[in-house]
4 protein chains.
Amino acid sequence: MSGSLNRNSLSLNSRWIWEPNMTHYGKAFSLWRTAACQDETDPWHTYTHHPFVLGLQAGNLPHDAYLHYLRQDYLFLIHFSRAWALAIVKSETPNEMKLASATVNALVNLELQHHVDLCAGYGISEQALFDTIEAPANLAYTRYVLDAGFSGDLTDLLAALSPCIFGYGEIGQRLAESLSAGNPYTEWIETYAGEAYQQVCHDVGTLIDEALIHRMGTDFQSSPRWERLTEHFITASRLETDFWSMSLQ
Amino acid sequence: MSGSLNRNSLSLNSRWIWEPNMTHYGKAFSLWRTAACQDETDPWHTYTHHPFVLGLQAGNLPHDAYLHYLRQDYLFLIHFSRAWALAIVKSETPNEMKLASATVNALVNLELQHHVDLCAGYGISEQALFDTIEAPANLAYTRYVLDAGFSGDLTDLLAALSPCIFGYGEIGQRLAESLSAGNPYTEWIETYAGEAYQQVCHDVGTLIDEALIHRMGTDFQSSPRWERLTEHFITASRLETDFWSMSLQ
Amino acid sequence: MSGSLNRNSLSLNSRWIWEPNMTHYGKAFSLWRTAACQDETDPWHTYTHHPFVLGLQAGNLPHDAYLHYLRQDYLFLIHFSRAWALAIVKSETPNEMKLASATVNALVNLELQHHVDLCAGYGISEQALFDTIEAPANLAYTRYVLDAGFSGDLTDLLAALSPCIFGYGEIGQRLAESLSAGNPYTEWIETYAGEAYQQVCHDVGTLIDEALIHRMGTDFQSSPRWERLTEHFITASRLETDFWSMSLQ
Amino acid sequence: MSGSLNRNSLSLNSRWIWEPNMTHYGKAFSLWRTAACQDETDPWHTYTHHPFVLGLQAGNLPHDAYLHYLRQDYLFLIHFSRAWALAIVKSETPNEMKLASATVNALVNLELQHHVDLCAGYGISEQALFDTIEAPANLAYTRYVLDAGFSGDLTDLLAALSPCIFGYGEIGQRLAESLSAGNPYTEWIETYAGEAYQQVCHDVGTLIDEALIHRMGTDFQSSPRWERLTEHFITASRLETDFWSMSLQ
C-alpha cells in the first residue's frame, strides 16, 4: 500500500484543484481523501466520478439501472445500519454512543423507510426488496465494513464506514451545482446535497476526528495505526466503485 | 440446570398465586418466569422482592444507597445500550432491526439522559457518573449479557436482556399499586409503572416471541435451544439480584 | 431463495447420478449439497466443476493462474483461520471447542505453512504473499463467512465454512480417480484426496451434525432455522465459484 | 483512574524492592505491573499475595477450597480459551496469529485436559466439571476479558488477558523458591514455575510488546490509548483477586 500513499506525488496541477466547492468534513477525511487520490488508480475520483454518477448528473442513467441500484441499496442499508449499530457497541464515551445512535436511528427509521417509499412508488414492495439476492459486490462491501469493525476498534470501523457517508455528500453537492431542470434524479441529488444530509456528514466528520484524538492524540496521522485506517478508507472507496459498476450491469 | 427447571414442582399453593395483576409480556417471558420460580433459590422472586425493592416500596431505602445505585445504574445503562445495539447487529429481519433500534434510541437519548438529569439534581455531574468505578456485580451482569449475544444468536441475547426489562416493569406495577403519599421514590416507581415503560415491555415481549417463532417455530419451548435460553434468563435474574445487593452495600 | 430449494425438481436422470464415489461427510452436508443442486444455476456443480478445477484435472491450467490462485488463497486462509477461531469463541461444549481448535491449529500451523513453502519454491516470499492486495472476490467470500458467524450462532458459521472444506474434499477425490502421470498439479490433488484431508472432512461433518443436533434436535432440517443455514451453504458455494473465476482472470 | 497511576509515588523503599528474582516478561508488563502497584489498594500485590496463594505456599490451603477452585477454574479456562481464540480473530499479522493459535492449542488440548485429569483423580468427572454453576466472580472476570476484546482491538484484549498469564508465572516462581518438602500443592507450584509455563509467559510478553509497537510505535506508553490498556490490566488484576476470594468461600 505504501506506493499509493506517497504524498509528494500530489502536485498543484492535479485535476483535484478544479473542485471549486470542495467539501470539508473534518481533518481525517481530508487526509484520507488525499491519500486516495495519489496514484493512477485514484480510488476516490473513480468512485465519485463513476459513469453511474455521471448518468445521474446528466439525467440519462437508464431507469432499470436505477431500480437495480435501489434494490441492492436497500440491502446495503440493512447491513450498513448493522455496522453503525456496531459503532455503538464499540463506543468508549457517551458522546460517541450518542452520535452513533443518532446515525443508526436516521438510517433505520428514515433512510430505509425513504427507500421503501421510493420503491413502493415503482411498484416494488418491502418484502420484494428484502428478498432481493445480494450481489457479490454488495456482500463484499458490507461484510468488509462489518469485519473492519469486528476485528479492529471503533476507528477501524469508522474509517471503513466513512467513504459512503462522505462520498455521497460530495457527489450530492457537486451534482446539485449543475442540476438541470427535468433531471429525473433530482430528488436523489437534492437529498444528498440537502442541509440535513450535509449536517450528517459534518457530524460524522466530527465524530471521527474526536474518536481519533481520543485514542491517538491530535497528531493521529503520525501513529503506526494510521496506515491501516487509510487502507480501510481506500478499500471501501474501491468497493463503492464496484457497487456502482454492479448497478450498471 | 435441569433440576431447577422441574415444572412439576409448581403447585397451586405456590406463593406466586397471590399476584393479582400479574403482568403479561408475552409467551416466552411467561415460560421463563415460571422456570425461574421453581426451586428454593427462586431467582425471580429473590430479584423482584429484594430488600432494595422493598425499601423503594416502603420509602425507607437510605438515600445513600439510592445514589450509589443511580451511579452504578448509569454505567449499567451504558453497557445495556451497547447490548441492545448488538441486537441490531444480530437482527435478521427489518422488523427486528426497527424494534431493537427504537429501544437503543430510548435508552441512549431518554433513559441515560434521565439519569444524568436526576443525578445533576443531586449534584453529580455526567463526568462524575462516567468516572465511577464499576462494581464487580455491574461488570458481571453487563458483560455476561454482552457475551450471551456475542457467542450466541439474537435469541440468546434477548433472553439475557429480558429480566431487566420485564423485572422493572413488574416491580413498577406492583409498587405503584401500594404507593403511599410522600414516598421519596415516587418518581422512580411511576416511571416504571407508567404507560410508556409498560409499552416498552409489551413491545420487547412481542419482539422476543416473534424472534423465537422466526427461528424455532411456534412450539419454540420444545427446541433443545430452549434450555440454554432459559439459563440465560435465570442467570441474568441472579445477576440482577447481585446488583441490588451491591447497591445496598 | 425458496425457488432454488424446490426439492421436487431433482429427478433420477439428474447429472448427479453419475458420481460413482460420492463422498459422505455427514447428514447436514448431504442435505445442503442436494439443496445446492436443484435448479439451473446449480451452485454446487458450478463450484466443483469450474474451469479452474477442470484445468487442474487436465493438467493444463496456466501456471500464472495457479500462482495467482496461491497468492489469493494465502490471504483467504488467513481469514478462513480467523473464522475457524471464531468457531471456538462460539462453541458451547468442550467437544466443539476441541474440534474447532484442532482445525485452527491445522490451518495456521500446517496449511498456511504449506502455502508459504509452496510459494517459496516459486520465489514468492511470505511477506510478498501477505502484501498481496485482496481481490474483491476474496473479500466477499471471507468477510461473508465471518459475518455469518458474528451475526448468528455456531451453526450459521459452520454452514458458511463448510462448502470450502467439503468441496475441496470432493474435488480432491474426484480428480485423484482420473489423475494422469505428469500432471503438474499432482501435489495439490493428492493433498486434498489424501487420508489426512479426508479425515478433516469427516471430522468437520461430525462436528456440524453434532452441533445441529445439540441445538435443534435430530430432526434439525425441520427447524425454521434450516432455511437460513442452507442459504449460507449456497451463498458460500457461489462465492467459491467467484473465487475460482477471479483466479482465472 | 489517573490518581492511581501517579508514577511519582513509587519510592525506593517500596515493598516491591524485596523481590529478588522479579520476573521479566517484557516492557508492557513491567509498565502495567508498576501502574498496578501505586496506591493503597495495590491490585497486583493483593492478587499475587492473596491468602489463597499464601495457603498454597504454606501447604495449608484447605483441600475443599482447592477443589472448589479447580472446578471454577475449569470453567474459567473454557472462557479464557474462547478469549484467546478471539485474539486470533483480531490478529493483524501472521505472527500474531501463530502465537495466539499456539496459546489456544496449549489451553484447550493441554491445560484443560490437565484439569480434567487432575479432577478425575479426585473423583470429579469432566461432565461434572462442565455442569458446575459459574460463580459470579468467574462470570465477571471471563466476560469482562471477552468484552474488552469484542469492544476494542487486539491490544485491549491482550491487556485484559495478561494478568492471569503473568501473575501465575510470578506466583509460580516465587512459591517454587520457598517450596518445602511434602507441600500437597507441589504439582500446582511446579507447573507454573516450570520452564514450559515460563516460556509461555515470555512468548506472550513478546507478543504483547510487538502488537503494541505494531499499532502504537516503540513509545507506546505515550499514546492516549495507553491509559485504557492499563485500566484493563488493573481491572483484570482486581477480578483475579475476587476469583481467589470466591475460591476461599
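Refer to the structure presented above.
A few points on the structure. From a predicted model like this one, the values you see are computed outputs, not experimental measurements. (Residues numbered from 1 in each chain as written. Chains lettered and ligands numbered in written order. Predicted model: local features only at pLDDT ≥ 70, side-chain atom pairs only at ≥ 80, totals over all residues. Heavy atoms only, no water.)

## Here's the deal with the nonpolar core
Spelled out, the test is: Here, nonpolar core means buried Ala, Val, Leu, Ile, Met, Phe, Trp, Tyr and Cys residues that are tied together by side-chain atoms lying within 4.5 Å of each other. The classification of residues rests on relative accessible area computed with a 1.4 Å probe and restricted to protein chains. Under 20% of the type maximum is buried, over 50% is exposed, and intermediate values are partly exposed. Contacts between residues were defined by any pair of non-hydrogen atoms, one from each residue, lying within 4.5 Å.
Of all hydrophobic cores here, the largest spans 340 residues; its most connected members are W84(A), W84(B), W84(C) and W84(D). In contact with W84(B), other than residues within four places in its own chain, are A100(B), T103(B), V104(B), L107(B), L158(B), L161(B), I165(B), V204(B) and L207(B).

## Considerations on the pattern of salt bridges
Spelled out, the test is: Any carboxyl oxygen of Asp or Glu that lies within 4 Å of a side-chain nitrogen of Lys or Arg is treated as forming a salt bridge with it. Per the convention used, a helix needs a DSSP run of H or I reaching at least four residues, while a strand needs a run of E reaching at least two, with both numbered from the N terminus.
Tallied over the entire structure, the rule returns 48 salt bridges over all chains. Between D147(A) and R143(C) there is a salt bridge, with the nearest N and O atoms lying 3.0 Å from each other. Highlighted residues: D147(A) in helix α7 (residues 136-151) and R143(C) in helix α7 (residues 136-151), drawn from two different chains. Judged by relative accessible area, which is 4%, D147(A) ranks as buried. The buried category is assigned to R143(C), whose relative accessible area is 4%. In this structure, the salt-bridge partner of R228(C) is D156(C), at a minimum N-O distance of 3.7 Å. Remark: D156(C) occurs in helix α8 (residues 154-177) and R228(C) occurs in helix α11 (residues 225-248); sequence separation between them is 72 residues. Given the relative accessible area of 25%, R228(C) is considered partly exposed. D156(C) sits in the buried class, given a relative accessible area of 0%.

## Here we look at the packing of aromatic side chains
For clarity, the threshold we go by: Only centres within 6.5 Å qualify two rings of Phe, Tyr or Trp (six-membered ring in Trp) as a pair; their planes then separate them into stacked at under 30 degrees, edge-to-face at over 60, and tilted for everything else.
Per the stated rule, a full pass over the model turns up 98 aromatic pairs over all chains. Here the aromatic rings of Y192(B) and Y197(B) are separated by 4.9 Å at their centres, their planes lie at 85°, and the arrangement is edge-to-face. Like Y192(B), the residue Y197(B) is buried in the burial classification. Between F52(D) and W244(D), the ring centres sit 4.8 Å apart and the planes meet at 20°, which makes this aromatic pair stacked. Of this pair, F52(D) sits in helix α3 (residues 51-58) while W244(D) sits in helix α11 (residues 225-248), placing them 192 residues apart in sequence. We classify W244(D) as buried; its relative accessible area is 0%.

## Quick notes on the relation of the copies chain A and chain B
Basically, it comes down to this: Least-squares fitting of one copy onto the other uses the C-alpha atoms of those residues that reach a pLDDT of at least 70 in both copies.
With an RMSD of 0.0 Å, the fit of chain A onto chain B corresponds to turning through 180° and sliding 0.0 Å along the axis. Accordingly, the operation relating the two chain copies is best matched by a two-fold axis. Closest to the rotation axis within chain A is the C-alpha of A85(A), separated from it by 2.6 Å. Interface overlap between copies is the fraction of interface residues in one copy that are interface residues in the other; for chain A against chain B it reaches 100%, indicating a shared surface.

## Overview of the interface of chain A and chain C
Quick note on the threshold: As used here, buried area is the combined drop in accessible area, with a 1.4 Å probe, of two parts when they are placed together.
Listed per partner, the contact involves 14 residues of chain A and 14 residues of chain C. Together, the buried faces of chain A and chain C total about 1200 Å²; carbon and sulfur atoms form 69% of this surface. Our count for the contact surface shared by chain A and chain C stands at four salt bridges. Counting only elements with at least two residues in the side of chain A that touches chain C, the list comes to α7 and α11 (225-248) of chain A. Looking at the side of chain A that touches chain C, the element that brings in the most residues is α7(A), giving nine residues.

## Here we look at the interface of chain A and chain B
The accessible area lost on association of the parts is a frequent measure of interface size. Here is the rule: For this analysis, a polar contact is any N or O atom pair within 3.5 Å, provided that within protein one partner can donate a hydrogen and the other can accept it, and provided that sequence-adjacent residues contribute only side-chain to side-chain pairs. The residue classification treats Ala, Val, Leu, Ile, Met, Phe, Trp, Tyr, Cys and Pro as nonpolar and Asp, Glu, Lys and Arg as charged. All others, Gly included, are polar.
With 22 residues of chain A at the interface, the matching set in chain B holds 22 residues. With both sides pooled, the region where chain A packs onto chain B buries about 1900 Å², and carbon together with sulfur makes up 68% of that total. Three residues, V89(A), M97(A) and K98(A), lead the burial of chain A against chain B; their summed loss comes to 29% of the area buried on that side. Our count for the chain A to chain B interface comes out at two salt bridges. For E126(A), the salt bridge is made with K98(B), and the minimal N-O distance between the two is 3.7 Å. Between chain A and chain B we count two residue pairs in polar contact (both at pLDDT 80 or more) in total. The element contributing the most residues to the side of chain A that touches chain B is helix α5 (residues 94-121) of chain A, with nine residues. Counted by class, the side of chain A that touches chain B contains twelve nonpolar, six polar and four charged residues.

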